[in-house]
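Fold and contact review
Chain residues, written in single-letter form:
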Amino acid sequence: SSLNLTQRDGTWLEEDSGEYACTPTIPATNTRGPASVLNIVVEVRAQILNLTEPTDVELGNDLAVLCEARGSTPIAYTWTTSAGDIVRQVNSSITNDSFVIENASRNDTLGYTCSISNAFGNDTRTTSIDVIERPDLGPTYAPTADIV
């Protein structure tokens, strides 16, 4: 008996993981033997699917920065800034990670890099955050009029 599995586009997909039953058949008598179950696990390299787009955040506001990935878990996430500082490190059994810039200041205007890895590969992407300050237009005066 044999079990033939064919790759789609030369790639195994996570969805190909699962139990496969193989039931032998004797062609001359069309007799079936006992089934054997084969469990196949497809391991996939870490790959970033989505990262928060470069964006502006207003001075003093909060902003969540998200890195969405796929791959076999656990996936290790490391967030760094363009200044070389590590923002966050975590090993996760889920496929996304984020951090929040709280009370954004001008010092938060940086590039932010999400680097991920698992036992089968790694990926890195960078986004940028620009902290902006709205101009102070001074006091606002309402026009007044006397009604006669």
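For the structure, see preceding data.
Let me begin by describing the structure that accompanies this report. (Residues numbered from 1 in each chain as written. Predicted model: local features only at pLDDT ≥ 70, side-chain atom pairs only at ≥ 80, totals over all residues. Heavy atoms only, no water.)

1. Thoughts on the sheet that holds strand β6 (residues 55–58)
In plain terms, the rule: Two strands make a pair as long as DSSP finds a minimum of two bridges between them. Each helix is a run of DSSP H or I of at least 4 residues and each strand a run of E of at least 2, with the numbering of both proceeding from the N terminus. Convention adopted: a line fitted to C-alpha atoms gives each axis, helices being fitted over their contacting stretch, and angles between N-to-C directions are expressed from 0 to 180 degrees.
Reading across from one edge, β6-β12-β11-β8-β9 is the order of the five strands in this open sheet, with mixed pairing throughout. Each edge of the open sheet is held by one strand with a lone partner, namely β6 and β9 (86–92). The mean angle between the axes of side-by-side strands here comes to 20°, regardless of whether they run parallel or antiparallel.

2. Observations concerning the packing of aromatic side chains
Let me state the cut-off plainly: What counts as a ring pair is set by centres within 6.5 Å for rings of Phe, Tyr and Trp (its six-membered ring), and what kind of pair is set by the plane angle: stacked under 30 degrees, edge-to-face over 60, tilted for all other angles. The classification of residues rests on relative accessible area computed with a 1.4 Å probe and restricted to protein chains. Under 20% of the type maximum is buried, over 50% is exposed, and intermediate values are partly exposed.
With the rule as written, the count across this model stands at two aromatic pairs. Considering the side-chain rings of W79 and F99, the 4.9 Å spacing of their centres and the 70° angle between planes classify their relative orientation as edge-to-face. Separated by 20 residues along the polypeptide, W79 in strand β8 (residues 75–81) and F99 in strand β10 (residues 96–101) bring together distant segments of the chain. Each member of the pair, W79 as well as F99, is classed as buried. Taken together, W79, F99 and Y112 form an aromatic cluster joined through their ring pairs.

3. Side note on the environment of S82
Cut-off, in case you're wondering: Contact criterion: two residues are considered in contact whenever any of their non-hydrogen atoms come within 4.5 Å of each other.
The topology assignment puts S82 in the loop between β8 and β9. Note on S82: relative accessible area 57%, which makes it exposed. For the pair S82 and G111, spaced 29 residues apart in the sequence, the C-alpha separation amounts to 4.9 Å. Excluding anything up to four places from it in sequence, S82 contacts L110 and G111.

4. What about the environment of D130?
Of note, D130 is situated in strand β12 (residues 121–132). Along the sequence, D130 and G111 sit 19 residues apart, while their C-alpha atoms lie 8.8 Å from each other. If we ignore the near neighbours within four places in the chain, the residues touching D130 are T55, D56, V57 and T109.

5. A short note on the side chain of T127
Just so we agree on the cut-off: N or O atoms closer than or at 3.5 Å make up a polar contact, with two conditions inside protein: a donor-capable atom paired with an acceptor-capable one, and, for residues adjacent in sequence, both atoms drawn from side chains.
Its location among the elements puts T127 in strand β12. Side-chain polar atoms of T127 contact the backbone oxygen of E53, separated by 3.5 Å. Here T127 is in contact with L51, T52, E53, P54, V65, L110, G111 and Y112, once residues within four sequence places are set aside.

6. Regarding the pairing of strand β11 (residues 110–118)
Two strands pair when backbone bridges link them, and β8 and β11 are joined in this way by six bridges, in the antiparallel orientation. Counterpart to A76 in the pairing with β11 is S117. Relative to β12, β11 runs antiparallel, the two being bridged by nine bridges. In the sheet register, G111 faces β12, and the bridge partner there is S128.

7. Quick look at the state of the cysteines
Our working rule: Sulfur atoms of two cysteines make up a disulfide when they are within 2.5 Å.
The final tally for this structure, using the stated rule, is one disulfide. The disulfide partner of C67 is C114, and the gap between their sulfur atoms is 2.2 Å. Where C67 bonds to C114 through sulfur, the torsion about that S-S bond is close to -85°, and the disulfide is left-handed. Here the residue C67 occupies a position in strand β7 (residues 63–70), and C114 occupies one in strand β11, the gap between them amounting to 47 residues. Judged on exposure class, the residue C67 and its partner C114 are both buried.

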